[in-house]
Amino acid sequence: MNRTRLMSAAGACTLAALLLRTACAAAPPEPPAPSVPAVPAMQVPSQAEIDAQLRMAQKQLEEAAHEVARLSTQFSGSVMQEFMPLLAAHVVMGVELEPAPGNVGARVREVSPGGPAAEAGMRAGDVVLALNGTELKGAAPARQVSSLLRDVKPDTAVTLRVQRDGKPLAVTVTVRGAPDLLARLPRVRELGVEPPEPFSRRPLRDMELASLTPGLGSYFGTDKGVLVLRAPADGALKLEDGDVILAIDGRAPESGSHAARILGSYVGGEKITLRVMRQHKTLELEMTMPDATRAHDVHRREVMMPRADAHVTQLRAPYLRAAA
Amino acid sequence: MPDLNSSPQDLSTLLRALPADAAAPYGYQEFERRAQQRDRRARGLAGGERLATACVVAVGLLAVLVRLGAMGGVGHPPAPGVPVVRSAPGPEDETLPPHAGVAERWLASLPEEPAIVHVGTRAAVLGLEDRIAQIDDLLSTARDSGDAPARLATLRQERARLVGTLVQVRYAEVLAEGSL
C-alpha cells in the first residue's frame, strides 16, 4: 500500500515537473527578475506603423471635413428657404452687388470665395455697368441682374462690362446652377425629400485626380483631360490608376475640380459614359453610377421615402447635369 | 520520456536530475507586476492611434486659430492681386465676427485647387462655395428689395458661418496635400 502511494506521489511529481519544464521552455523570454533594477520596457512603433497610423488619421481628418461641410450646409437650409422667394434665377454668379454712386451700374461689395465671379477675376470695388449688353441703371441694379439671369442656363458664359479703377474692362463669368434647385420644385418639397448628397459612396470619395500638365500630357499621350491618380477601390466607374478622363458623357473636364463637379451631378443608378485614355488607347466605358451605401442614406432611401426616390432621381438628374 | 513505473529509488534519482530552471520562475507579486506591464503595453498600442488622430486634429485646429487670430502679421500677407475692397459697413455688418475678412484673404491666397484633387474633400469644398455664392446673390436682391437690416444681418451671419466652415475644410485639404 505504502509502496503504491509512494509510486503514485513520485509519478505525480515527475509529471508535474515535466509539465512545468515544458511550459517554461515554450514561454517567451522573460524580463529581468525583480531583484535586478529593470529599465521600463517601451515599445517604439516602427516607421511602417507610424505611417499607417498617420494615414488613418489623415483619412479621419478628411472624413471629418466632409462631415463638417455636409452638416454646415444642412444647417443653413432653413435660412435659405426663408429667402428662396427672392431668387428669380436658377443660376448663381457669386457676387454681392449694391447700387453704385449716381445709380449708374452696380458696385461689387463682395465676391464669393471660389464662386463663378471670383474665378472670372472679379474684385470687390468693381462697378458692373452692363450684363450681356444691357446697361444697369436705377436704384435696384441687383434685381435687374437677377431678372436678366432668369432665363440663363447653368454653365453659360455671360459678359459683363466692368469699370475698375476708372478703366473699362470686359469680364466673362460662367454662371453655375443654384444649389438645392430641387428643393424649390413645389412637388418635391411637398414630398419632404432632401436632395441626395453627391459622393455619399466611399470608394468614389476616395478617388484622386490631377489636372494634366504639358509634361504629364506628353507622357500619357494626350494634352487634354484629367489624370486618375487613384481609382475607386472597388472598381466603381471601371476606372484604373493612370487613366486619363477625356470626357464624361461628352463633357470634357478641364480640371480635377471640374471632373468632381460633373461626377457629383450624377445620382446612384444613372447611366454614365466615360471616355478615357488608357495606355495610349482611347476607350469608352459605359456603366451605372453606383448607389450610396452609407447607413443613413440607405435609411433615408428605404425607410423615409420608399417610393419617392426614383421619382426624385428622374426630376433631379437633368437639372444637376446642366448645373455641373 | 521517463518511465513512470520505475522504482522509487530511480524516481528520486530522476527528480534530483531535474534541471534547476524547472522551478517556479517567479511569485505572485512578480506575476502581478508583469501582468500590469503587459496591460500598459496593450493600452499604449491601442491608444497610439487615438493619440495620433487627436494630435493631427489638434494641430490642425490650432493652426487655423493661429492663422485667423494672427492674420495680417508676418507670413500671412493678403494675396497678391486680390485686394479686398469693401463699402462702409452697414448696420448688418455689426454682428459679423472680426476675423471674417481675414478668413477670406486666406482663402484668396490659396490656389484654386490642390495639385492632387481628393474627390470627396473637393466635393465638400465645391458645395460650400456654391452655397456662399448663392447667399451673396441673395444678399444683393434682398438689399434691393428693401429687406429689413435684421434679415440682411441673418443672411450675412450665415455667410460668415459658411466661410468659416470653408476655411476649415480647405485647411484639411491643404493639410492632406502637404503630407502626401
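Everything discussed here concerns the structure shown above.
Notes on the structure in this doc start here. For every chain, the first residue of the written sequence is number 1, and numbering continues from 1 onward in sequence order. Lettering for chains starts from A, numbering for ligands starts from 1, and both go in the order in which the items are written. In keeping with the predicted nature of the model, local features appear solely for residues at pLDDT of at least 70, side-chain atom pairs appear and are counted solely at 80 or more, and the whole-chain, interface and lining totals rest on all residues.

**Quick word on the packing of helix H3 (residues 100–109) of chain B against helix H5 (residues 149–178) of chain B**
Residue and element names in this part refer to chain B. What counts is decided by this rule: Only the stretch in contact is used when a helix axis is fitted, and all axes are lines through C-alpha atoms; the angle between N-to-C directions ranges over 0 to 180 degrees. Secondary structure elements are defined from DSSP: runs of H or I of at least 4 residues count as helices, runs of E of at least 2 residues count as strands, and each element is numbered from the N terminus. Roughly parallel here means an angle under 35 degrees, roughly antiparallel means over 145, roughly perpendicular means 65 to 115, and every remaining angle is called oblique. By the definition used in this description, the sense in which the near helix is turned from the far one sets the handedness, with an anticlockwise turn below a right angle giving left-handed and a clockwise turn giving right-handed. Contact definition: two residues whose C-beta atoms, as placed from backbone geometry, lie within 7 Å.
Relative to each other, H3 and H5 sit at 40°, their axes nearing to 10 Å. By the angle between their axes, H3 is oblique relative to H5. Of the two possible hands of crossing, H3 and H5 adopt the one that is left-handed. For the pair formed by H3 and H5, the contact residues are Ala100, Ala103, Glu104, Trp106 and Leu107 on the first element and Ala160, Val163, Gly164, Leu166, Val167 and Arg170 on the second.

**Some points on the packing of helix H5 (residues 141–148) of chain A against helix H4 (residues 119–144) of chain B**
The test is simple: Under this grouping Gly is polar, as are all residues other than the nonpolar Ala, Val, Leu, Ile, Met, Phe, Trp, Tyr, Cys and Pro and the charged Asp, Glu, Lys and Arg.
Running from N to C, H5 of chain A and H4 of chain B point in directions that differ by 125°, and their axes come no closer than 7 Å. Of the possible angle classes, the one that applies to H5 of chain A and H4 of chain B is oblique. Crossing of H5 of chain A over H4 of chain B shows left-handed handedness. Residues Ala142, Arg143 and Ser146 of chain A of H5 of chain A form the contact with H4 of chain B, whose own contacting residues are Ser140, Thr141, Arg143 and Asp144 of chain B. Among the residues making up the contact of H5 of chain A with H4 of chain B, the classes are represented as 1 nonpolar, 3 polar and 3 charged.

**Considering the nonpolar core**
Nonpolar side chains tend toward joint burial in soluble globular proteins. To keep it simple, the criterion reads: Among buried residues, those of type Ala, Val, Leu, Ile, Met, Phe, Trp, Tyr and Cys that are joined through C-beta atoms within 7 Å form a set called a nonpolar core. Counting other C-beta atoms within 10 Å of a residue's C-beta gives its exposure: the residue is buried at 20 or more, exposed at 12 or fewer, and partly exposed in between, where C-beta atoms are placed from the backbone.
Judged by nonpolar contacts, the single largest core of 81 residues is most densely connected at Val128 of chain A together with Leu166 of chain B. For this core, the element with the most residues is H4 of chain B, which contributes 12 residues. The contact partners of Leu166 of chain B, leaving out residues within four places of it in the chain, are Pro113 of chain A together with Leu107, Val125, Leu128, Glu129 and Ile132 of chain B.

Function cannot be inferred from these measures alone, as they are strictly geometric.
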